[in-house]
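# Structural features, examined
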Amino acid sequence: MIIGIVTFDLSLPECHSLKEKRMLLKSLKARLRNQFNISVSEVDWQDKWQRSTVAVAAVGTGKRDLNSMLSHVVESVRSDPRWVILDESLELI
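Just so it is clear, the structure is predicted and the values come from calculations on it, not from any experiment.

## With respect to the pattern of salt bridges
Applying the stated criterion across every chain, the model contains six salt bridges. In this structure, Glu42 and Lys21 form a salt bridge, with 2.8 Å as the shortest nitrogen-oxygen distance. One end of the pair, Glu42, is in strand S2 (residues 39-44); the other, Lys21, is in helix H1 (residues 18-36), and 21 residues separate them in sequence. Notably, a salt bridge pairs Arg82 with Asp80, separated by 2.8 Å at the nearest N-O pair. The class of Asp80 is buried, set by a relative accessible area of 12%.

See below:
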């Protein structure tokens, strides 16, 4: 069993309140869950409206397949102009 984790440190320049931030992240989390069948959670910066750290986790049987799927997740997050990715990391355990 292999566990893959991707974390994104995001800047949310268009958010002007926590309510806007929650709506934006809810949309991101729902899209990733539906498209890739993975776990997604905000793991840091919950009290700041224009910052967030989002973690994605998936479990698989092979490194190659899991790495490929998580690479697609990264591309999906990168392609959305509503946020700026300040940092990202991918880890396979």
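## Let's talk about the nonpolar core
Judged by nonpolar contacts, the single largest core of 22 residues is most densely connected at Leu28, Leu32, Ile38 and Val56. In contact with Leu32, not counting residues within four places along its chain, are Asn37, Ile38, Val40, Val56, Val73, Ser76 and Val77.

## Concerning the packing of aromatic side chains
Using the criterion set out here, one finds zero aromatic pairs in the structure. In this arrangement the basic side chain of Arg51 is found over the ring face of Trp45, its NZ or CZ atom lying 4.3 Å from the centre.

## Thoughts on the pairing of strand S3 (residues 51-60)
When you tally the buried positions in S3, you get seven out of 10 residues, the bulk of the element. Both strand S1 (residues 2-11) and S3 contribute to a ladder of 10 bridges, which runs antiparallel. Bridged to Asp9 within S3 is Thr53. Pairing between S2 and S3: five bridges, direction antiparallel. For Glu42, the partnering residue across the bridge sits in S3 and is Val54. Connecting the antiparallel pair S2 and S3 is a turn made up of six residues, with Trp45 showing a positive phi of about 65°.

## A look at unusual backbone geometry
Look at Asn37: it is not a glycine, yet its phi comes out positive at around 55°. You can see Asn37 is positioned in the loop between H1 and S2. Classification of Asn37 as exposed rests on a relative accessible area of 70%. The phi dihedral of Trp45 is positive, around 65°, even though this residue is not glycine. Among the structural elements, Trp45 can be located in the loop between S2 and S3.

Procedures and definitions
Residues numbered from 1 in each chain as written. Predicted model: local features only at pLDDT ≥ 70, side-chain atom pairs only at ≥ 80, totals over all residues. Heavy atoms only, no water. Salt bridge = Lys/Arg side-chain N within 4 Å of Asp/Glu carboxyl O. Helix = DSSP H or I, 4+ residues; strand = E, 2+ residues; numbered from the N terminus. Buried < 20%, exposed > 50% of the residue type's maximum accessible area, 1.4 Å probe, protein only. Core = buried A, V, L, I, M, F, W, Y, C linked by side-chain atoms within 4.5 Å. Contact = heavy atoms within 4.5 Å. Phe/Tyr/Trp six-rings, centres within 6.5 Å; stacked < 30°, edge-to-face > 60°. Lys NZ or Arg CZ within 6 Å of the ring centre and 35° of its normal. Pairing = 2+ DSSP bridges.

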